[in-house]
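One-letter residues, chain by chain:
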Amino acid sequence: MRQVSFAAAFHMLPRIPGVEISEKRVRTTDGYTLRVHCAGPDDGAPIIFLHGFPEFWYGWRKQIPYFSERGYRVIVPDQRGYNDSDKPLHISEYAIVQLADDVAAIVRQLHCGGAALVGHDWGAAAAWQAAMRYPAMFSRLAVLNVPHPRVMVKTLATNPKQLLKSWYMFFFQLPFFPAWLASLDGYRRFADAMRSSANPGSFTDDDMEIYIASWQKPEALNSMINWYRAAFQHPHFSGP
């Protein structure tokens, strides 16, 4: 079986009070399907939000109402490997160039050229690469928590302190074990670790239940970790 498909019969869209969210499906250049969530007027200025690890579209739950209420067309995908989007089996299918191509596919198929592009964490890495590969598609780029890729590579190579802080990137290179470890106790400890690394009050109990439900989907967490594996095994960089 080439991929894990949508678990449509069990899909329940998390609610964001006061916001009407529609879902669309975007076909990637290599034949997978991304589930994309949209809010705000169809004729509004488009803004695309890319989530990081270990989140999914719901990680932008506070930004979606803010921008949609101000007339923006808000577009928030589950990126490949996450939540309800397809989960390719091969690590090579999570290479950064493919993640950038996914963003381009969203722009083309949802007809949102000139979008503002916002990325956080791994979503920021995808946003950097998408903006460099397809600069004409975007009006502006907003990056949270991730430096330019050349700076990132140089810092990891020359700064032992940063390298030590990035220990988890090396741990995630292990096959299967990281996802198995995170799944212990029904992902509760993994959820507690995510919560403890954030500012107090960032996540409610209900938020954490929603995240746990997304991690429990077949092959989800291992697919999410494949982003880290691909960064080591299939590195590629293009752009200034």
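In case you missed it, the structure is sitting above this.
The structure presented is a predicted model; accordingly, all values stated were derived computationally and were not measured. (Residues numbered from 1 in each chain as written. Predicted model: local features only at pLDDT ≥ 70, side-chain atom pairs only at ≥ 80, totals over all residues. Heavy atoms only, no water.)

**Some words on the overall build of the protein**
Put simply, the rule reads: Under the scheme used here, helices are H or I runs from DSSP no shorter than 4 residues and strands are E runs no shorter than 2 residues, and both carry numbers assigned from the N terminus. To get the radius of gyration, use the C-alpha atoms; to get the globule rule, take the number of residues to the power 0.38 and multiply by 2.2 Å. Each residue is placed in one exposure class: buried if its accessible area under a 1.4 Å probe, protein chains only, is under 20% of its type's maximum, exposed if it is over 50%, and partly exposed if it falls in between.
Counting secondary structure elements, the protein contains ten helices and eight strands. For the protein, the C-alpha radius of gyration of 17 Å lies close to 18 Å, the compact-globule estimate for 240 residues. With the C-alpha coordinates of the protein rotated into their principal frame, the extents come out at 45 × 45 × 40 Å. Burial analysis of the protein (240 residues in total) assigns 51% to the buried set.

**A closer look at the sheet that holds strand 2 (residues 22–27)**
Definition in use: Here the rule is simple: two strands pair whenever DSSP picks up at least two bridges between them. Axes here refer to lines fitted to C-alpha atoms; in helices the fit is confined to the stretch in contact. Angles between the N-to-C directions go from 0 to 180 degrees.
If you trace the six strands from one edge of the open sheet to the other, you get 2-3-5-4-7-8, paired in mixed fashion. Of all the strands in the sheet, the pair left with one neighbour each is strand 2 and strand 8 (138–144). Direction aside, neighbouring strands of the sheet carry axes that sit 25° apart on average. In this structure, strand 4 (residues 46–50) lies alongside strand 7 (residues 115–120), joined through four bridges in parallel fashion.

**Digging into helix 10 (residues 220–233)**
Inclusion rule: Expected span, for any helix, means 1.5 Å times one less than how many residues it has. Bend, at a single residue, is the angle you get between axes fitted to the 7 residues ending at that residue and the 7 residues starting at it.
Given a rise of 1.5 Å per residue, 14 residues ought to cover 20 Å, and the 20 Å separating the end C-alpha atoms of helix 10 matches this to within 8%. W227 marks where helix 10 bends most, by close to 30°.

**A closer look at the packing of aromatic side chains**
Threshold: Two rings from Phe, Tyr or Trp (for Trp, the six-membered ring) form a pair when their centres are within 6.5 Å of each other. A pair whose planes differ by under 30 degrees is stacked, one over 60 is edge-to-face, and the rest are tilted.
All told, the structure shown has 28 aromatic pairs when counted by the stated rule. Judged by centre distance (5.6 Å) and plane angle (85°), the ring pair of F56 and Y211 falls under edge-to-face. With F56 in the loop between strand 4 and helix 1 (63–68) and Y211 in helix 9 (residues 205–215), this residue pair connects regions lying 155 residues apart in the sequence. For F56, a relative accessible area of 2% gives the class buried. Using a relative accessible area of 0% as the deciding quantity, one classes Y211 as buried.

**Quick look at unusual backbone geometry**
Along the chain, F53 connects to P54 via a cis peptide bond; the corresponding omega equals 0°. Along the chain, the position of P54 falls in the loop between strand 4 and helix 1. At N145, a residue that is not glycine, the phi angle is positive and equals roughly 80°. Of note, N145 is situated in the loop between strand 8 and helix 4 (149–158). Owing to a relative accessible area of 63%, N145 belongs among the exposed residues under this scheme. Even without being glycine, D185 reaches a positive phi, approximately 60°.

**Section: the packing of helix 2 (residues 96–109) against helix 3 (residues 122–133)**
Two quantities define a packed helix pair, namely the angle between the axes and the distance from one axis to the other. Operational definition: Roughly parallel means an angle under 35 degrees; roughly antiparallel, over 145; roughly perpendicular, 65 to 115; everything else is oblique. Any two residues whose heavy atoms approach within 4.5 Å are treated as being in contact. In this classification, the charged set is Asp, Glu, Lys and Arg, the nonpolar set is Ala, Val, Leu, Ile, Met, Phe, Trp, Tyr, Cys and Pro, and all remaining amino acids, among them Gly, are polar.
Following both chains from N to C, one finds helix 2 and helix 3 inclined at 75°, their axes separated by 8 Å at the closest point. Judged by the inter-axis angle, helix 2 sits roughly perpendicular to helix 3. Contacts from I96, V97, L99, A100, D101 and V103 in helix 2 reach W122, A125, A126, Q129, A130 and R133 in helix 3. Taken together, the residues that form the contact of helix 2 with helix 3 break down as nine nonpolar, one polar and two charged.

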